[in-house]
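The residues making up each chain are set out below.
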Amino acid sequence: MTDTRPIPTFDDEPASAGRKLCIICSKGSLDMAYPGLILANAALGEGIETHLFFTFWGYEIINKKTMAKLQFSPVGNPASHMPTAVSGLPGMQSMATRMMKAQIEALDVPAVPEFLDMIKDAGGHLWACRMSADMMKLTQDDLYERIDGVIGATEFIEISAGAQTLFV
Amino acid sequence: MLVTIAGRQVHVNDEGFLTEFDEWDEAIAAELAADIGLTLTPEHLEVVRFVRGDYRAHGTTPTLRRVTTAGGFATKRLFELFPKKPAKKMSYVAGVPKPIGCV
């Protein structure tokens, strides 16, 4: 039978062949943790090899002690549309964090630890920055269990060869 | 456009996705799966039935995240059953549009 109906190419699309994505996560606030995680998850769902590199404040995302407690601060953020004098009042940060977490949950977007699980289950790679670990006196035991390794900048440059790299 | 799949006339879009929810059946699913290199197993069908049920109930194709949380299928297993692009592949086989959600 010579049916000429269209069939999606999925795996063979030239634009995605051999595509690789590296995302450097350098911020430790709740609102800045999500962009990297969401893009990584989307890339993995498209069959793209994906690496996340956590450095400096980004360690908050993979530090067992902090990963579930990231905060959002309206201070110094004009996009929060809160008067500067008000945004710094006691209790404002925890209130803003609570509100943001509720909104995230309402969209069925997972909390940070579960998001990392999802990325690992989807085949993603998580790397922790060696210098940050040394500065903060942390070892791999202090970090999320499924980290692929603690690596230096040179190793990350090797891993990211040929990749599209985003700095968040 | 009108095409023949599993001996039946059905409507598909430019990419080959079914456009009429009710034109789908398991014989068509098996042929759609074969199109993209998959052999449809009962486990695939279980996922596909969830995707169709969720689409029917909510009017949108569930994202991969939703298939795991609401459907109870493990992320890892979904990547094994529908390699590389699970969300797109399962929606193709299920005869529903590609999912548009972010997570």
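Below is a short write-up of the structure. For clarity, every value in this text was computed on a predicted model and none was experimentally measured.

Structural notes on the overall build of chain B
Argument step 1. Counting its secondary structure elements, chain B contains 5 helices and 2 strands.
Argument step 2. What you see in chain B, going N to C, is helices and strands ordered as β-β-α-α-α-α-α.
Argument step 3. Over its C-alpha atoms, taken along the principal directions, chain B stretches across nearly 35 × 25 × 20 Å.
Argument step 4. With 103 residues in all, chain B has 50% of them scored as buried.
Argument step 5. Taking all contacts inside chain B whose residues are at least 6 apart in sequence as the whole, residues at least 24 apart take part in 46%.
Argument step 6. If you sum the accessible surface of chain B, you get close to 4,700 Å²; carbon and sulfur atoms cover 53% of it.

A short note on the pattern of salt bridges
Argument step 1. In this structure the tally under the stated criterion is 16 salt bridges over all chains.
Argument step 2. For A:Glu46, the salt bridge goes to B:Lys85, with nearest N and O atoms at 4.0 Å. Placement of the pair is A:Glu46 in the loop between helix H1 (30–45) and strand E2 (49–54) and B:Lys85 in the loop between helix H4 (75–81) and helix H5 (86–94), with the two residues belonging to separate chains.
Argument step 3. Note on A:Glu46: relative accessible area 25%, which makes it partly exposed.
Argument step 4. Looking at B:Lys85, the relative accessible area reads 2%, which means it is buried.

Details of the packing of aromatic side chains
Argument step 1. The final tally for this structure, using the stated rule, is 7 aromatic pairs over all chains.
Argument step 2. For the ring pair A:Phe10 and B:Tyr92, a centre distance of 5.9 Å and an interplane angle of 75° mean the geometry is edge-to-face. Separated into two different chains, A:Phe10 in the segment before strand E1 (20–25) and B:Tyr92 in helix H5 make up a pair that spans both.
Argument step 3. What makes A:Phe10 buried here is its relative accessible area of 3%.
Argument step 4. For B:Tyr92, a relative accessible area of 0% corresponds to the buried category.

About the thresholds
Residues numbered from 1 in each chain as written. Chains lettered and ligands numbered in written order. Predicted model: local features only at pLDDT ≥ 70, side-chain atom pairs only at ≥ 80, totals over all residues. Heavy atoms only, no water. Helix = DSSP H or I, 4+ residues; strand = E, 2+ residues; numbered from the N terminus. Buried < 20%, exposed > 50% of the residue type's maximum accessible area, 1.4 Å probe, protein only. Contact = heavy atoms within 4.5 Å. Areas by Shrake-Rupley, 256 points an atom, 1.4 Å probe, with all protein chains shown as cover. Salt bridge = Lys/Arg side-chain N within 4 Å of Asp/Glu carboxyl O. Phe/Tyr/Trp six-rings, centres within 6.5 Å; stacked < 30°, edge-to-face > 60°.

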